[in-house]
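Residue strings, one per chain:
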Amino acid sequence: VAASVKMANGSQIFNSPIIFNATANSVTSSLPTLTTTDLTSIAQTSAISGGNITNAGSSPVLARGVCWSTTMIPTNADNHTNDGVGNGIFTSNVTGLIANTTYHVRAFATNSSGTSYGSEKIFTTISSTARTGVTVAGGNGSGTALNQITPFYVCVDASGSVYVSDPFYPSERIQKWIPGSISGTTVAGGIGSGSLSTQLYNPLGVFVDALGNIFIADAENDRIQKWTPGATSGVTVAGGNGDGSAANQFSFPNCIWVDNVGNIYVTDVENNRVQKWAPGATSGVTVAGGHGAGSAANQFNSPEGICVDGGGNIYVVDVTNNRVQKWAPGATSGVTVAGGHGAGSAANQFNSPQGIWIDGTGSIYVADGNNRIQKWLPGASSGITVAGGNGSGSASNQFGGAGVCLDGAGNIYIADAANNRIQKWPPY
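Residues numbered from 1 in each chain as written. Predicted model: local features only at pLDDT ≥ 70, side-chain atom pairs only at ≥ 80, totals over all residues. Heavy atoms only, no water.

**Considerations on the overall build of the chain**
Alright, step 1. Helix and strand content of the chain: one helix and 34 strands.
Alright, step 2. For 428 residues, the compact-globule formula gives about 22 Å, and the C-alpha radius of gyration of the chain, at 28 Å, lies well above that figure.
Alright, step 3. Projecting the C-alpha coordinates of the chain onto the three principal axes gives extents of approximately 120 × 50 × 30 Å.
Alright, step 4. The 428 residues of the chain split such that 50% are buried.
Alright, step 5. Within the chain, counting contacts between residues at least 6 apart in sequence, those at least 24 apart form 49% of the total. (Helix = DSSP H or I, 4+ residues; strand = E, 2+ residues; numbered from the N terminus. Rg over C-alpha atoms; globule rule 2.2 N^0.38 Å. Buried < 20%, exposed > 50% of the residue type's maximum accessible area, 1.4 Å probe, protein only. Contact = heavy atoms within 4.5 Å.)

**Let's talk about the side chain of N263**
Alright, step 1. Looking at the element boundaries, N263 is found in the loop between β20 (253–258) and β21 (264–268).
Alright, step 2. The class for N263 is buried, based on a relative accessible area of 11%.
Alright, step 3. Ignoring any residue separated from it by four or fewer positions in sequence, one finds N263 in contact with W257, V258, K276, W277, A278 and P279.

**Side note on the pattern of salt bridges**
Alright, step 1. Counting across every chain of the model gives seven salt bridges.
Alright, step 2. Here R372 makes a salt bridge to D368, at a shortest N to O gap of 2.7 Å.
Alright, step 3. We classify R372 as buried; its relative accessible area is 7%.
Alright, step 4. In this structure, R421 engages D416 in a salt bridge whose closest nitrogen and oxygen atoms are separated by 2.6 Å.
Alright, step 5. R421 gets classed as buried once you look at its relative accessible area, which sits at 8%.
Alright, step 6. By relative accessible area, D416 is classed as buried at 0%. (Salt bridge = Lys/Arg side-chain N within 4 Å of Asp/Glu carboxyl O.)

**Quick look at the sheet that holds strand β11 (residues 134–138)**
Alright, step 1. Spatially, the four strands line up as an open sheet ordered β11-β34-β33-β32, and their pairing is antiparallel. Taken across any chain shown, the strands that pair with only one partner, and hence form the sheet edges, are β11 and β32 (403–406). If you compare each strand with its neighbour and ignore which way they point, the axes differ by 25 degrees on average.
Alright, step 2. For β32 and strand β33 (residues 412–416), the ladder comprises four bridges, and the chain directions are antiparallel. Pairing of L406 across the sheet is with I412, part of β33. (Pairing = 2+ DSSP bridges. Axes fitted to C-alpha atoms, helices over the stretch in contact; angles between N-to-C directions.)

**Comments concerning the side chain of R131**
Alright, step 1. Of note, R131 is situated in the loop between β10 (121–124) and β11.
Alright, step 2. Of the side chains with opposite charge, D407 lies nearest to the buried R131, which makes no salt bridge, at 11 Å.
Alright, step 3. Among the polar contacts listed, one links the side chain of R131 to the backbone oxygen of V386, at a separation of 2.7 Å.
Alright, step 4. Side-chain polar atoms of R131 contact the backbone oxygen of P427, separated by 3.2 Å.
Alright, step 5. Contact partners of R131, with chain neighbours within four places excluded, come to V386, N397, I412, W425, P426, P427 and Y428. (Lys, Arg positive; Asp, Glu negative; His and termini not counted. Polar contact = N/O pair within 3.5 Å; in protein donor to acceptor, adjacent residues only side chain to side chain.)

**Comments concerning unusual backbone geometry**
Alright, step 1. Cis geometry is adopted by the peptide bond preceding P170, which originates at Y169 and carries an omega value of 5 degrees.
Alright, step 2. Phi is positive for N202, close to 60 degrees, though the residue is something other than glycine.
Alright, step 3. Secondary-structure assignment places N202 in the loop between β15 (185–189) and β16 (203–208).
Alright, step 4. By relative accessible area, which is 14% here, N202 ends up buried.

**Let's talk about the nonpolar core**
Alright, step 1. Ranked by internal contacts, the top residues of the largest apolar core, which has 77 residues, are V324, I373 and I422.
Alright, step 2. Ranked by size, the runner-up nonpolar core spans 18 residues in total, among them L39, I53, W68 and Y103. (Core = buried A, V, L, I, M, F, W, Y, C linked by side-chain atoms within 4.5 Å.)

**Let's talk about the state of the cysteines**
Alright, step 1. This model, assessed by the stated rule, comprises zero disulfides.
Alright, step 2. A disulfide-free cysteine, C307 has its sulfur positioned 8.6 Å from the sulfur of C255, the nearest such atom.
Alright, step 3. Of all cysteine sulfurs, the one in C155 lies closest to C405, which takes part in no disulfide; the gap is 5.6 Å.
Alright, step 4. With a relative accessible area of 0%, C405 lands in the buried category. (Disulfide = S-S within 2.5 Å.)

See the structure below:
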């Protein structure tokens, strides 16, 4: 730019030019930068969230808080808090909520250039109805009688019959309890510890397919046994080649899942891997883990509970890392979809979780060592207690155990080893 003067004779005189560079006005870079805090202290009508403003933008933050709605992408035109000014960490009390309702939450910060938002968090408030379970199997102390069990895992078939792994010596059996029965029937094992086809030795995981075939993780025999309906002995369909890390071996198989085409997925605990055995295969393929014990995304540290969704995604309870890892088909590493925040009892934590189940909506249910079942919605940053959470004990709202499964109606079945029973809780 240069100033000029026009003379009487028509000539122009220019002063020395001033040179500058024009820059585009970036509204986005002028806005605050922030994150949304995970939800905690979730109750029937309230919860706690907040945010962390790491950069105020081009001008000071004039307003901040969290906003929420029952629909995605809430803004400060929706329900919101007002939590002061300035950048840094702030806490927000989210109130006026409705029990048993799913909400979407974002932190927001406003300066003179506009408003920006943190990432979206999803949570569900606690039901207003007091939740308890009813005993549908066992409840008669430990022992080997047909009305007694010390359950580890549980599975339910389409008719509502409950299959229970009763692994501890001298039971070493799978028990089937039909709806309304006062005692179970031994449908596999039950004739002492051993490696014969009629025997089991510490049977842990149990899975029943649509045809009524029972698949059992026979842990101490390092094999998976298949018992057809009414059979008096089982057939080895995976492993059975001793304790080891070869593709045809296991080292303490814990839990199993069988997909709709008959592929068998096994958590191979001491090898820290998941093995997939195709129908009729003589060896398995490692589809998750297998890189030693650790907490990296491609590792496990004691993988136990497992389930597989309709898309072939594998969900594994990584016990010592207090997390659930999701492995997509063909993936070389997993993604944490629940937990992963250390051991604890907060809504986003576990304490040595074990069993897992997935429902038709993609929500996962995890048996947590805090004597509770936690439900994590897809994409959620914390879980909801849908059963238990009332400490250890034998009351109808208490339990202590590893296994969980759901039936087609959404009822939750819990292997309550501490009280020698299976508890059935209503859908959440």
